[in-house]
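Architecture and fold: a report
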2 protein chains.
Amino acid sequence: MKKDFTRRDFIKAGSLAGLGLAFAPAMGFSNPFQTKKVRIALIGVGLRGQNHLQNLLQRNDVEVPAMCDTDQGMLDMAVEMTTKAGFAKPALYTGSDFAYKDLLARQDIDGVIISTPWLWHPIMAVDTMKAGKYAGVEVSAANTIEDCWDMVNASEQTGMPCMILENVCYRRDVMAILNMVKQGMFGELVHCQCGYEHDLREVLFNNGTQPYGGGVEFGAKGYSEARWRTEHYLKRNGDVYPTHGIGPIANYLDINHGNRFVSLTSTSTKAVGLNDYIVKNGGPDHPNAKLKWKMGDVVTTTISTANGESIIVIHDTSLPRPYSLGFRVQGTKGLWMNDGNQIYIEGTSPAHQWEPSKPYIQKYDHPLWKRYQDQAEGTGHGGMDFFVLNAFVESVKRKIQPPLDVYDAAAWSVITPLSEQSIASGGEPQDFPDFTRGRWINRQPSFGMSDEF
Amino acid sequence: MKKDFTRRDFIKAGSLAGLGLAFAPAMGFSNPFQTKKVRIALIGVGLRGQNHLQNLLQRNDVEVPAMCDTDQGMLDMAVEMTTKAGFAKPALYTGSDFAYKDLLARQDIDGVIISTPWLWHPIMAVDTMKAGKYAGVEVSAANTIEDCWDMVNASEQTGMPCMILENVCYRRDVMAILNMVKQGMFGELVHCQCGYEHDLREVLFNNGTQPYGGGVEFGAKGYSEARWRTEHYLKRNGDVYPTHGIGPIANYLDINHGNRFVSLTSTSTKAVGLNDYIVKNGGPDHPNAKLKWKMGDVVTTTISTANGESIIVIHDTSLPRPYSLGFRVQGTKGLWMNDGNQIYIEGTSPAHQWEPSKPYIQKYDHPLWKRYQDQAEGTGHGGMDFFVLNAFVESVKRKIQPPLDVYDAAAWSVITPLSEQSIASGGEPQDFPDFTRGRWINRQPSFGMSDEF
């Protein structure tokens, strides 16, 4: 208990003085971990885990002592990547769903990146923190309200941080807009929009041997994400994937840092897209053509915040469409719209006319991107993956709270069960738990505050 | 009563056989009214009423026997327009809020166009129908749930139609998309979006002598719309102007014609835009800078339909921004987005990529626009005003139900009080009344079905 208490106090100090620590190196702060490599293990080395691994292997400040997966094929691929990169062959954990517990029992691990199917995220994150290690958990972090509390409680009780690895927070345009928001260019923020509008039909169905398309199988007959993600569409109706959209918006609106989500309502459409796809691609006699999908093709959620803003969040993944996260950021001085890449700033833009957003995005490029653009290039998802991993590794290295923490993981992920409840009750508003237990009132912003990480 | 009954039966027959009558001329149907001019009076000849008047005066099939307004200046302008166009000087009704009743008592009027402040719309529409005349009522048509029922009941009891003069239904791109919807190019529709996103700050405030801007006055010290519209922002919180957005979407989704609105939830932001504008333009010491505005700057409403679609409707009029009605029409084969003018049709568009919508809008130009484009050009609001007035006049002339009727007026306008109730109750879902009393199940679509009107 003494050890946990000490560690917790340290982390809490880091949290309270987050800004000071973030800028610490510039102020001559000496970190004993900076000369020692940090040891990052991976639970889940499927295609997403392999992305993270690839980026870890490009760093000279990390070791990868261990990894875990139940899929031997994925594990083989990950080991080959690791040794090819000149890293020592990691210890492997496999053979059962709970093999990861043996990995967590090791003493030579500082942080763990969790890239497993959604239902495992909160369980593994909690176990990671209880094992005294930093948890880096893929999105969405949790599935139920209790999951979210479990993660928050585990972090508070163990003193170990849990970072939600929401890469879109680091998208270059998203960070440039954050820069503009912080400079007050949109005035007082009033309304935001976002969503996950991504035609996933070829992710949800494949032929069992390739990750994307080629068939209408899923579950045991599918491959990669189709193995586990698709079943959520069969059994649940809600926004099951809110964080790519809400993460950036939460940063703009200082959620958990002077503001918080208060309530939401959700509305679902009928579910016709997946059946349409199966019939078109597998024929009307395919057994999957008889399935009744529960998840509406478009789920619309509207969130109210303590500071009086509203946010529309859309989940739209089973209809044909180009990819969009549908961002809109609107205040008393203007607005940015991701769709159409349009911006309007009163007094700067021609009256009542859109301008292309690109010159603004370039002009207000975030200091973090300016500093690391060369390293970020060539990494996954347009560089976002470099930054999110870098933030995790740097936080582990410096033993500070990461810029996205367990309260963010909880507040963003809880949209899923709340949206399910709202839809199930015909649109009744649902209150957000206050995972910070009131501390949102005076917590200071921690994301994107410098060019450090 | 006998007279009313006969007229009502005739209209009902027109309604039941709406399609037949719409195509009647092509089938050799002889209409006794076609050789006689129809007599259209105007209640309200402010700036909007003068738009309609201007378009009436360009027609050779109408007379304008009478007009009414409480504002002598507006009345003078309207009379001058009328006589300059070579029409006889109309009888004028003014001097009291109820002078319009004397106009309605005349026997030489077939239809009345009502372009007055919102609160007068339902009262005047009901009185018009009770006087045995076609009512053409400007948007929004009603303010309360009871207003909507009053209009429906008046129409059913008198047999007189009430057309909601929603011009955006006739916007060229909106009708081209209707054409594409009816041809199934978007597949089965699933989700739509729309709104009234229009920076009205210079409409809501002026200097009392010009209609747009130049000061921060409203009410008794304002001019034109600022005289009456602005007070709604002070006293109400809801979507007070839903029809420009919802009208076109209702036509796409066959609302009241095989489908209906079932329920909605509404969410409001804080109200900061108007105060910000007053302080900037009138100074912090202007008396209006002390007002507490009730209407949130952005009101988001999500509607569910009987056929399982959802519709997002936004009211956003007190912040700086370019104009947009924010249309999105999405189905199992693709989607159109007004913002960015983008379209995606599966199998036609390059995979996962937007195309510009313009070539589609041109290719699927609605037959009505093809036929009347020369006449429509130069009329108000890009030609829309020509079409909406034409539909009203042609319906009066042929003694048939107009393509947008009292059920449309009620179902679209009732969004306002329902959104107010939802916001006031913290987002509770509100059920739509079924103004068709169940007849939506088998009523046939009536809007944009031909190149007639």
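Note that the structure is predicted; figures quoted are calculated from it, not measured.

Rules and cut-offs
Residues numbered from 1 in each chain as written. Chains lettered and ligands numbered in written order. Predicted model: local features only at pLDDT ≥ 70, side-chain atom pairs only at ≥ 80, totals over all residues. Heavy atoms only, no water. 1 Å grid on protein atoms, 1.4 Å probe; cavity = no way out; pocket = protein on both sides within 12 Å on 5 of 7 lines; lining within 4 Å. Points joined across faces, edges and corners; volume = space filled by probe spheres on them. Helix = DSSP H or I, 4+ residues; strand = E, 2+ residues; numbered from the N terminus. Nonpolar A, V, L, I, M, F, W, Y, C, P; charged D, E, K, R; others polar. Axes fitted to C-alpha atoms, helices over the stretch in contact; angles between N-to-C directions. Parallel < 35°, antiparallel > 145°, perpendicular 65-115°, else oblique. Contact = heavy atoms within 4.5 Å. Buried area = accessible area lost by both parts, 1.4 Å probe. Salt bridge = Lys/Arg side-chain N within 4 Å of Asp/Glu carboxyl O. Polar contact = N/O pair within 3.5 Å; in protein donor to acceptor, adjacent residues only side chain to side chain. Domains from an automatic or database assignment. Core = buried A, V, L, I, M, F, W, Y, C linked by side-chain atoms within 4.5 Å. Buried < 20%, exposed > 50% of the residue type's maximum accessible area, 1.4 Å probe, protein only. Least-squares fit on C-alpha atoms with pLDDT ≥ 70 in both. Pairing = 2+ DSSP bridges. Right-handed = clockwise from strand over helix to strand, strands pointing away. Phe/Tyr/Trp six-rings, centres within 6.5 Å; stacked < 30°, edge-to-face > 60°. Lys NZ or Arg CZ within 6 Å of the ring centre and 35° of its normal.

So, about empty space enclosed by the protein. Within this structure, the stated rule accounts for 5 cavities of 30 Å³ or more. Empty space within the largest cavity amounts to approximately 240 Å³. Taken together, 23 residues line the largest cavity, and the ones lying closest to its centre are Gln193 and Met337 of chain A together with Gln193, Arg328 and Met337 of chain B. Those elements that place two or more of their residues in the lining of the largest cavity are strand S8 (189-197) and strand S11 (310-316) of chain A together with strand S8 (189-197) and strand S11 (310-316) of chain B. When the residues that make up the lining of the largest cavity are grouped by side-chain class, the tally is 10 nonpolar, 7 polar and 6 charged.

We now examine the packing of helix H8 (residues 172-182) of chain A against helix H14 (residues 367-376) of chain A. Residue and element names in this part refer to chain A. Closest axis-to-axis distance for the H8/H14 pair is 9 Å, and the angle between their directions is 150 degrees. As far as their axial angle goes, H14 and H8 are roughly antiparallel. Between H8, through Arg172, Met175 and Asn179, and H14, the contact on the second element is made entirely by Pro367, Leu368, Trp369 and Gln373. Here the contact of H8 with H14 is composed, by residue class, of 4 nonpolar, 2 polar and 1 charged.

Attention now moves to the interface of chain B and chain A. Counting residues at the interface gives 51 residues for chain B and 51 residues for chain A. For the pair chain B and chain A, the two sides together bury roughly 4200 Å², of which 55% comes from carbon and sulfur. Broken down residue by residue, the surface that chain B buries against chain A is led by Lys270, Pro320 and Pro322 of chain B, which jointly contribute 15%. In this assembly, chain B and chain A are joined by 12 salt bridges. Of the charged contacts in the structure, one is a salt bridge between arginine 328 of chain A and glutamate 197 of chain B, with a shortest N-O distance of 2.8 Å. Taken together, the links from chain B to chain A amount to 16 residue pairs in polar contact (both at pLDDT 80 or more). Of all the secondary-structure elements, those providing two or more residues to the side of chain B that touches chain A are S8, strand S9 (261-268), helix H12 (273-282), strand S10 (298-305), S11, strand S12 (328-331), strand S13 (334-337) and strand S14 (342-345) of chain B. Looking at which element gives the most residues to the side of chain B that touches chain A, the answer is S8 of chain B, with 5 residues.

The subject of this paragraph is the domain arrangement of chain A. Where interface size is quoted, it is often the accessible area lost as the parts come together. Residue and element names in this part refer to chain A. Domain assignment breaks chain A into domain 1 (7-166) and domain 2 (169-368 + 406-441). The gap between the C-alpha centroids of domain 1 and domain 2 is 25 Å. Looking at the side of domain 1 facing domain 2, the largest losses of area belong to Trp118, Ile145 and Glu166, adding up to 30% of the total buried there. Between the two partners, domain 1 and domain 2, sit 3 salt bridges. Put simply, arginine 437 and glutamate 156 hold a salt bridge, and the shortest N to O gap is 3.1 Å.

Counting residues in each nonpolar core, the largest one holds 131 residues, and the members touching the most others are Met151 and Tyr170 of chain B. Considering each element in turn, this core owes the most residues, 9 residues, to helix H15 (residues 384-398) of chain B. Domain assignment of the residues forming this core places at least three in each of domain 1 (7-166) and domain 2 (169-368 + 406-441) of chain B. When near neighbours in sequence (up to four residues on either side) are disregarded, tyrosine 170 of chain B contacts Met163, Met175, Leu368, Trp369, Met384, Phe387, Val388, Ala391, Pro403, Leu404, Phe447 and Phe453 of chain B. Core analysis: the next-biggest nonpolar cluster, separate from the first, contains 130 residues, Leu42, Val62, Met175 and Ala376 of chain A among them.

Throughout the structure, instances matching the rule amount to 66 salt bridges over all chains. The closest approach of N and O atoms between glutamate 346 of chain A and lysine 280 of chain B, which form a salt bridge, is 3.6 Å. In this pair, glutamate 346 of chain A is assigned in the loop between strand S14 (342-345) and strand S15 (355-356) and lysine 280 of chain B in helix H12, connecting two distinct chains. Exposure remark for lysine 280 of chain B: the relative accessible area of 47% places this residue in the partly exposed category. Salt bridges linked by common partners bring Arg59, Asp61, Arg371, Glu394, Lys397, Arg398, Asp451 and Glu452 of chain A together as one network.

On to the relation of the copies chain B and chain A, then. In summary, the two copies of the chain are related to each other by a rotation about an axis coupled with a shift along it. With an RMSD of 0.0 Å, the fit of chain B onto chain A corresponds to turning through 180 degrees and sliding 0.0 Å along the axis. One copy is carried onto the other by what is essentially a two-fold rotation axis. No C-alpha of chain B approaches the rotation axis more nearly than that of glycine 340 of chain B, which lies at 2.0 Å. Of the residues that chain B buries at the interface, 100% are likewise interface residues in chain A, meaning the two copies contact each other through the same surface.

The next thing to look at is the layout of surface pockets. Residue and element names in this part refer to chain A. Approximately 1400 Å³ is the volume attributed to the largest pocket. Together, 49 residues line the largest pocket, and Arg48, Thr116, Ser224, Glu225 and Trp228 are the ones closest to its centre. Mapped by element, the contributors of at least two residues to the lining of the largest pocket are helix H3 (47-56), helix H6 (121-130) and helix H10 (229-235). The leading source of residues in the lining of the largest pocket is H3, at 4 residues. In terms of residue class, the lining of the largest pocket is made up of 23 nonpolar, 16 polar and 10 charged. Among the domains, domain 1 (7-166) and domain 2 (169-368 + 406-441) are the pair contributing at least three residues each to the lining of the largest pocket.

What follows concerns the pairing of strand S6 (residues 134-137) of chain B. All names here are of chain B. What you see with S6 is no split at all: Tyr134 and Gly136 on one side and Ala135 and Val137 on the other are buried throughout. Relative to S6, strand S5 (residues 111-114) runs parallel, the two sharing 4 bridges. Bridge pairing in S6 places isoleucine 113 opposite glycine 136. Running through helix H6 (residues 121-130), the crossover from S5 to the neighbouring parallel element S6 is right-handed. Taken together, the 3 bridges between S6 and strand S7 (residues 162-164) define a ladder with parallel strand orientation. Its bridge partner being in S7, valine 137 is matched across the sheet by isoleucine 164. In terms of handedness, the path from S6 via helix H7 (residues 145-158) over to S7 forms a crossover that is right-handed.

Attention shifts here to the sheet that holds S14 of chain A. Residues and elements named next belong to chain A. An order of S15-S14-S13-S12-S8-S11-S10-S9-S16 is seen for the 9 strands of this open sheet, with the pairing classed as mixed. Each end of this open sheet is capped by a strand with a single partner; those strands are S15 and strand S16 (430-431). Two strands pair when backbone bridges link them, and S14 and S15 are joined in this way by 2 bridges, in the antiparallel orientation. Bridged to isoleucine 343 within S15 is glutamate 355. Lying on the sheet, helix H11 (residues 243-252) is in contact with S8, strand S9 (261-268), strand S10 (298-305), S11, strand S12 (328-331) and strand S13 (334-337); it crosses S8 at an angle near 160 degrees.

A few words on the packing of aromatic side chains. Residue and element names in this part refer to chain B. Inspection of the entire model under this criterion finds 40 aromatic pairs over all chains. When the centroid spacing of 4.7 Å and the interplanar angle of 70 degrees are considered together, the rings of tyrosine 196 and tyrosine 241 count as edge-to-face. Residue tyrosine 196 is located in strand S8, and its partner tyrosine 241 is located in the loop between helix H10 (229-235) and helix H11 (243-252); the two are separated by 45 residues in the primary sequence. Ring centres of phenylalanine 205 and phenylalanine 218 lie 5.8 Å apart, and the angle between their planes is 85 degrees; on these two criteria the pair is classed as edge-to-face. In this pair, phenylalanine 205 sits in the loop between helix H9 (201-204) and H10 while phenylalanine 218 sits in the loop between H9 and H10, placing the two residues 13 residues apart along the sequence. Arginine 229 extends its terminal NZ or CZ atom over the ring of tyrosine 241, reaching a point 4.2 Å from the ring centre.

Residue and element names in this part refer to chain B. Taking every second residue as pointing to the same face, both faces of S14 are buried, with Gln342 and Tyr344 on one and Ile343 and Ile345 on the other. Relative to S14, S13 runs antiparallel, the two sharing 4 bridges. When the bridges of S14 are listed, tryptophan 336 appears paired with isoleucine 343. Taking the residues that link successive antiparallel strands as the turn, the S13-S14 hairpin has 4 residues, and the phi of glycine 340 there is positive, at about 90 degrees.

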